[in-house]
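A look at the structure
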Amino acid sequence: MLSLLRQSRLLMRPNTLTLANRTPAVAWYHKNVLDHYENPRNVGSLDKSKKNVGTGLVGAPACGDVMKLQIEVDDEGKIVNAKFKTFGCGSAIASSSLATEWVKGKRVNDAGKIKNSEIAKELKLPPVKLHCSMLAEDAIKAALKDYQRKQDDAKNTQSATAN
């Protein structure tokens, strides 16, 4: 037991490790991922009870990532705001951040055309992290679906009260 304690103390000392063994984990991420991870854009929440806000909540059971993405749409069908909250790795957070940047300013129909492959290409995600960009695409689609459901419900309510 004492020898294990001594070994662990030696491993904790920076000068006992070679430079090759101290490669930081962040070196595995591309600078585009690091930029969105260290400086995430549009973190937060919108009021999900508003009829012009769509909320998408998706998760990946394999890795435990959970992503909530929300959009706010104006009367002309243009996304004027987007927010996200993500519990996951750096690639998942970066994918969420980039997705919110890309949907802002787009019309609802155009936002639905954003593909995970475009997100992965922009962030330079390695194959093992492609599921993060897939989550972002799924979150966009889920938010758009929720928004559309609310619009349909509002139209149905208006036509029911008019009759």
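Everything in this summary refers to the structure shown in the same document. Remember, it's a predicted structure, so these values are computed and weren't measured experimentally.

In this section: helix α3 (residues 90-103). Over its 14 residues, α3 runs 20 Å from end to end, which matches the ideal 20 Å to within 8%, given 1.5 Å per residue. Judged by how many residues are buried, α3 sits mostly within the fold: 12 of 14 residues are covered. Within α3, the full set of buried residues consists of G90, S91, A92, I93, A94, S95, S96, S97, L98, A99, T100 and V103.

Phi is positive for N42, close to 65 degrees, though the residue is something other than glycine. With respect to the helices and strands, the residue N42 is situated in the loop between α2 (31-38) and β1 (53-60). You can call N42 buried: its relative accessible area is 13%. Look at K124: it is not a glycine, yet its phi comes out positive at around 60 degrees. Relative to the assigned elements, K124 resides in the loop between α5 (116-123) and α6 (130-162).

The next subject is the nonpolar core. Ranked by size, the top nonpolar core spans 30 residues in total, and within it I71, I79 and V103 carry the most contacts. The set of elements that each furnish at least two residues to this core consists of β1, β2 (65-73), β3 (79-87), α3, α4 (108-111), α5 and α6. Here this core gets eight residues from one element, more than from any other, and that element is α6. Dropping the residues within four chain positions of it, I79 is found in contact with I71, E72, V73, V103, K104, G105, K106, V108, A111 and L144.

Attention now moves to the layout of surface pockets. Of the voids in this model, the largest pocket is the one considered here, and its volume is about 240 Å³. What lines the largest pocket is a set of 13 residues, and nearest its centre among them are K51, D75, Y147, Q151 and K155. Per-element accounting of the lining of the largest pocket gives the leading share, six residues, to α6. In terms of residue class, the lining of the largest pocket is made up of three nonpolar, five polar and five charged.

Direction vectors running N to C along α2 and α3 enclose 80 degrees, while the axes themselves pass 8 Å from each other. The angle between α2 and α3 places the two elements in the roughly perpendicular class. Contacts from V33, H36 and Y37 in α2 reach G90, S91, I93, A94, S97, L98 and E101 in α3. Along the lines of polarity and charge, the residues of the contact of α2 with α3 split into five nonpolar, four polar and one charged.

Analysis parameters
Residues numbered from 1 in each chain as written. Predicted model: local features only at pLDDT ≥ 70, side-chain atom pairs only at ≥ 80, totals over all residues. Heavy atoms only, no water. Helix = DSSP H or I, 4+ residues; strand = E, 2+ residues; numbered from the N terminus. Expected span 1.5 Å × (residues − 1). Buried < 20%, exposed > 50% of the residue type's maximum accessible area, 1.4 Å probe, protein only. Core = buried A, V, L, I, M, F, W, Y, C linked by side-chain atoms within 4.5 Å. Contact = heavy atoms within 4.5 Å. 1 Å grid on protein atoms, 1.4 Å probe; cavity = no way out; pocket = protein on both sides within 12 Å on 5 of 7 lines; lining within 4 Å. Points joined across faces, edges and corners; volume = space filled by probe spheres on them. Nonpolar A, V, L, I, M, F, W, Y, C, P; charged D, E, K, R; others polar. Axes fitted to C-alpha atoms, helices over the stretch in contact; angles between N-to-C directions. Parallel < 35°, antiparallel > 145°, perpendicular 65-115°, else oblique.

Nothing here speaks to function; it is all geometry.
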